[in-house]
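Notes for the structure review
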Amino acid sequence: MNVHATGSAKIASNLTPKLATVSLPVVGMTCASCVGRVEKALNRVEGVGKATVNLATERADVTLVQPVDQARLVQAIEDAGYEVPGRRVTLAIDGMTCASCVGRVEKALLAVPGVASATVNLATERASLSTSGTVTDRDLVAAVASAGYEARTVSGNEDDEAHASRKQAEQAALGRDVTVAAILTLPVFVLEMGSHLIPAVHDLVMTTIGMRESWYLQFVLTTVVLFWPGLRFYRIGLSALIKAAPDMNSLVAVGTLAAWTYSVVATFTPQLLPAGTVNVYFEAAAVIVTLILLGRYLEARAKGRTSEAIKRLVGLQPKTARVRRDDRVVEVALGDVVTGDLVDVRPGERIAVDGEVVEGASFVDEAMITGEPVPVEKRAGATVVGGTVNQTGALTFRATAVGADTMLAQIIRMVEEAQGSKLPIQALVDRVTLWFVPAVMAAAALTFLVWAIFGPEPAITFALVNAVAVLIIACPCAMGLATPTSIMVGTGRGAELGVLFRKGEALQSLKDARVVALDKTGTLTEGKPTLTDLETTGGHARNNVLALIASVEVKSEHPIARAIVEAAEADGLKLSDLTRFESVTGYGVSADVGGRHVEVGADRFMEKLGLDVGAFATIAARLADEGKSPLYAAVEGELAAIIAVADPIKPSTPEAIRALHDLGLKVAMITGDNRRTADAIARQLGIDEVVAEVLPDGKVEAVRALKRQHGGLAYVGDGINDAPALAEADVGIAIGTGTDIAIEAADVVLMSGSLKGVPNAIALSKATIRNIRQNLFWAFAYNTALIPVAAGALYPTFGWLLSPVLAAGAMAMSSVFVMGNALRLKRFRAPMADVGR
């Protein structure tokens, strides 16, 4: 079971074995006296050998000499006046088949004292809970059992593999049962329906085995179908019925047993039935069970496909790594790699864990993280991510994050959490489905009574057939699967595109955005000043002038100076020593470089030196339109060059903004830049609205103002100062290359540094919610329309009745339709899938 204590402690088990150590977070301690009180309280608990409390880490480590219930330890701490923070708990639930099951499991878990919230997901078959420290795992498992289902603890990847194996075994068993049921049902169907529909078959049956013997054979075959492959429906459904908590299995069990029982009476004691009502419905019971098993089998296959994104992510982790230890390279299991290990990677191998390159050079395919198809060059000092693929060269890197701390592990965790979440749209479904099955059983009972009292002869036969049809047609499976399957596939597809929904709710909120507000630095731009322009006058070579200017600026820490120096170094230019350096405040700098006098500064500095910058008037005007402030350089008293340093716009930004406009969205920019620079960038990019000269603490108010003006707002940022705005927005979208604080405050994370993920995320949100609405419409419309038809509403006018066999087929296909429709999201085409960074 994944148990995340609020405060980071992991609680290993509820009933701990001998000499086990339990770690508990403790909140409220302020001094050494507090430590003593907590230790004293824990040491008094029978079975505790030693308790050690650390004030700095706010953790209590308890060594046990005999099994002790964890709740007693928590209670001892609370009795001493301190608090053990709540836990996040995940349970695997077996036996759920429809939305009614989900509602009952949630209700049972919420009834456990200390459970603050519980969310059950039918598609993932998991329950996510927030509990107080006093709630034990056994309490939760027992609560699920009392509702008629089975719960197991979940413990990371090993359990995931075991869960996958169980699901494969379950799918194989369903496939076997479908085959057996189909083979046994076919003769029953041919004998009964063939006799009704084809006179030659009727004659053949009558002249060979006879009608009564045909019924005996149908009885034997149908009984085997119902109580061998179909036994699951009765074992679960009748148990739920006894507990007054009927589910989908109960509907199938009651419907098929009614048809089977009536047929048994008609076969063996026909004198008990009114004249004209002696008929058998063995084929209906057998075909119903077979079709529903087929639907379950197809549904199980589809469910397996919905979680393929997670399986692929897990599969990206290599099983072993080549680590340098004791002056030699050894191959160790991935779990044995520790932080600080030097790991060797050969061409074509997957990188095992996150790290920093210390030797070698290569290109690495990081598409699985960023969604970008172009390999990234890696040299000493560069970071690498576990799961990415080394391509051409050999690398050695120092491990900086292993196990659950790697980026891939965090991505998997975020996707799982998003897939397990419930959207607000699910609230209506939950309210309806909890009472749906009892309402259907009441409708079936009413149908039986109305037909039995007012129906034509044989009234009992009509009553039975129509009541069974109502029971079978109204399965709420499709309702329960409509939302979670779409969420699973949608969030999985997002992960493949480098878009991580940290919260499932963002899937629904993002589609309602009317305006996208963008931070400028690091979001629209590269986030780093770069030399963008350098034009020289005749007689001056570009590289010579750049080397002279960089030599003057080399000692300055100003971002503009650093950008110039980095540009010269990138071009491989040699910088010279300087003398007589002088800084003229408000104007510029000057120095002698290699015997030549160089002056660098604004236009007013050149005018002060008596130099005319008119030769660069056209270029200066263009730079001003682009929001850049030009600088000039003079060499030996002669104007030599005009230069500009700016934070360049990312290549993908213009197309990303066009894509947002194509989605019908307004685009706003929030920046601390001056109005002229901001307006120039907005004109260049086609941004609709600019909020300029905003101080860091003013971004929240800017977001509020835009929300008041436009409605739903998504804010995109990457810096620490963007965190409040990300939290204030309806949906916060963090650039994945930004700060951890921004990512933590966001609802959606773009793993690449490109803005193209924003229109991709919004388009995916709209596609997913549209898919969910299609599923819900089908599920509700199907039941709304077909329950009256099954009850016989069309009989008085058209003489039409819905056979229970057709009802079973329609019911089975409704769930398959919902699953298939959700799986269409796997083919979602992002509007900017092919745009590079």
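About the criteria used
Residues numbered from 1 in each chain as written. Predicted model: local features only at pLDDT ≥ 70, side-chain atom pairs only at ≥ 80, totals over all residues. Heavy atoms only, no water. UniProt positions renumbered as here; feature names shortened; annotations may be inferred. Helix = DSSP H or I, 4+ residues; strand = E, 2+ residues; numbered from the N terminus. Buried < 20%, exposed > 50% of the residue type's maximum accessible area, 1.4 Å probe, protein only. Contact = heavy atoms within 4.5 Å. Phe/Tyr/Trp six-rings, centres within 6.5 Å; stacked < 30°, edge-to-face > 60°. Lys NZ or Arg CZ within 6 Å of the ring centre and 35° of its normal. Pairing = 2+ DSSP bridges. Axes fitted to C-alpha atoms, helices over the stretch in contact; angles between N-to-C directions. Expected span 1.5 Å × (residues − 1). pLDDT = per-residue confidence, 0-100. Parallel < 35°, antiparallel > 145°, perpendicular 65-115°, else oblique. Left-handed = near helix turned anticlockwise from the far one by under 90°. Nonpolar A, V, L, I, M, F, W, Y, C, P; charged D, E, K, R; others polar. Salt bridge = Lys/Arg side-chain N within 4 Å of Asp/Glu carboxyl O. Patch = residues over 30% accessible without salt bridge, like charges linked within 9 Å, V, L, I, M, F, W, Y side chains within 5 Å. Areas by Shrake-Rupley, 256 points an atom, 1.4 Å probe, with all protein chains shown as cover.

With an unreviewed UniProt entry as reference, the chain is termed P-type Cu(+) transporter, source organism Paracoccus alcaliphilus. Per its UniProt entry, the chain bears the Catalytic activity (unreviewed entry) comment "Cu(+)(in) + ATP + H2O = Cu(+)(out) + ADP + phosphate + H(+)".

Description of the overall build of the chain
When you go through the chain residue by residue, the secondary structure sums to 31 helices and 30 strands. A burial count over the chain gives 53% of its 837 residues as buried. Long-range contacts, defined here as pairs at least 24 residues apart, represent 68% of the contacts in the chain between residues at least 6 apart.

A closer look at the packing of aromatic side chains
Aromatic rings considered in pairs are described by the distance between their centres and by the relative angle of their planes. Evaluated as defined, the whole model comprises 13 aromatic pairs. An aromatic cluster of three or more residues is present, and its members are Tyr 216, Phe 219, Phe 227, Tyr 234, Trp 260, Phe 268 and Phe 282. For Lys 608, the ring lying beneath its charged end belongs to Tyr 587, and the centroid distance is 4.6 Å.

A word on the pairing of strand S11 (residues 342-345)
Bridge analysis of strand S9 (residues 320-325) against S11 gives three bridges, and the strand direction is antiparallel. What sits directly across from Arg 322, in S11, is Asp 344. As paired elements, S11 and strand S17 (residues 395-401) share four bridges and run antiparallel to each other. Among the inter-strand pairings, Leu 342 is bridged to a residue of S17, identified as Arg 398.

Focus: the UniProt feature "transmembrane region" (unreviewed entry) in the chain
The sites that UniProt annotates as "transmembrane region" (unreviewed entry) are residues 174-195, 215-236, 248-268, 280-298, 432-454, 460-483, 776-795 and 801-823. Between the end C-alpha atoms of residues 215-236 the distance is 28 Å, and the span holds 86% helix and 0% strand.

A few points about the sheet that holds strand S3 (residues 48-54)
Judged by pairing direction, the sheet is antiparallel, and its three strands sit side by side in the order S2-S4-S3 without closing on themselves. Edge strands, defined here as strands with exactly one partner in the open sheet, are strand S2 (21-25) and S3. Put simply, the sheet's adjacent strands are angled 20° from each other on average, direction ignored. Two elements, S3 and strand S4 (residues 59-64), share six bridges in a ladder whose sense is antiparallel. Paired with Lys 50 across the strands is Thr 63, a residue of S4. Against the sheet, helix H2 (residues 70-79) engages S2, S3 and S4, with an angle of about 40° to S2.

Here we look at helix H29 (residues 757-791)
With 35 residues, H29 should cover 51 Å at 1.5 Å per step; its first-to-last C-alpha distance of 50 Å lies within 8% of that length. Phi turns positive one or two residues past the end of H29, at Gly 792, with a value near 100°.

Structural notes on the sheet that holds strand S20 (residues 530-536)
Pairing between the strands of a sheet is mediated by backbone hydrogen bonds and can be parallel or antiparallel. Across the sheet, which stays open at both edges, the six strands sit in the order S20-S25-S24-S23-S22-S21 with antiparallel pairing between neighbours. Sheet topology places S20 and strand S21 (578-584) at the edges, where each strand pairs with a single neighbour. Within the sheet, the average angular offset between the axes of one strand and its neighbour, ignoring direction, is 20°. Taken together, the five bridges between strand S24 (residues 631-635) and strand S25 (residues 638-646) define a ladder with antiparallel strand orientation. Within S25, the residue paired with Leu 631 across the bridge is Ile 643. Each of S20, S24 and S25 touches helix H23 (residues 617-625); the most contacted strand, S25, lies at about 10° to it.

Some points on the environment of Val 364
Along the chain, Val 364 turns up in strand S13 (residues 362-365). Sequence separation of Val 364 and Lys 378 is 14 residues, and the distance between their C-alpha atoms is 6.9 Å. Excluding residues within four positions of it along the chain, Val 364 makes contact with Ile 351, Pro 375, Val 376, Lys 378, Thr 388, Val 389, Asn 390 and Leu 395.

Considering the confidence of the model for the chain
Looking at the chain as a whole, its pLDDT mean stands at 80, while 84% of the residues score no less than 70. Counting interchain partners and residues more than four positions distant, the pLDDT-below-50 stretch residues 1-18 has 57 contacts.

Section: the packing of helix H24 (residues 653-662) against H29
It is at 8 Å that the axes of H24 and H29 come closest, and there the two elements cross at 25°. Between H24 and H29, the angle falls in the class roughly parallel. Here the hand of the crossing between H24 and H29 comes out left-handed. For the pair H24 and H29, the contacting residues are Ala 656, Ala 659 and Leu 660 in the first and Val 758, Pro 759 and Ile 762 in the second. Of the residues belonging to the contact of H24 with H29, the class tally is six nonpolar, no polar and no charged.

Here we look at the side chain of Thr 447
By the element assignment, Thr 447 lies in helix H15 (residues 436-454). Contact partners of Thr 447, with chain neighbours within four places excluded, come to Asn 466, Ala 467, Val 470 and Ala 791.

What about the pattern of salt bridges?
The final tally for this structure, using the stated rule, is 19 salt bridges. The shortest N-O distance in the salt bridge between Asp 571 and Arg 542 comes to 3.3 Å. Of this pair, Asp 571 sits in the loop between helix H21 (559-570) and S21 while Arg 542 sits in helix H20 (residues 542-553), and the two are 29 residues apart along the sequence. Here Asp 571 falls in the partly exposed class, since its relative accessible area comes to 42%. On the basis of relative accessibility, which here comes to 36%, the residue Arg 542 falls in the partly exposed class. Across the pair Asp 592 and Arg 580 runs a salt bridge, and its minimum N-O distance is 2.8 Å. Note that Asp 592 is positioned in strand S22 (residues 588-593) and Arg 580 in strand S21, a separation of twelve residues in sequence.

A closer look at a nonpolar patch on the surface
The grouping of Leu 446, Phe 448, Leu 449, Val 450, Ile 453 and Phe 454 at the surface amounts to a nonpolar patch, some 630 Å² of accessible area in total. With respect to the helices and strands, the residue Leu 449 is situated in helix H15. What makes Leu 449 partly exposed here is its relative accessible area of 48%.

A short note on the environment of Leu 298
With respect to the secondary-structure elements, Leu 298 resides in helix H10 (residues 282-306). With relative accessibility at 29%, the residue Leu 298 sits in the partly exposed group. A C-alpha to C-alpha distance of 9.0 Å links Leu 298 and Met 819, two positions 521 residues apart in sequence.

A closer look at unusual backbone geometry
A cis geometry characterises the amide bond from Glu 457 onward to Pro 458, with omega recorded as -5°. Note that Pro 458 resides in the loop between H15 and helix H16 (459-473). For Asp 327, which is not glycine, the phi torsion reads 60° and is therefore positive. Tracing the backbone shows Asp 327 in the loop between S9 and strand S10 (328-333). Of note, Glu 636 is a non-glycine position whose phi angle comes to about 55°, a positive value.

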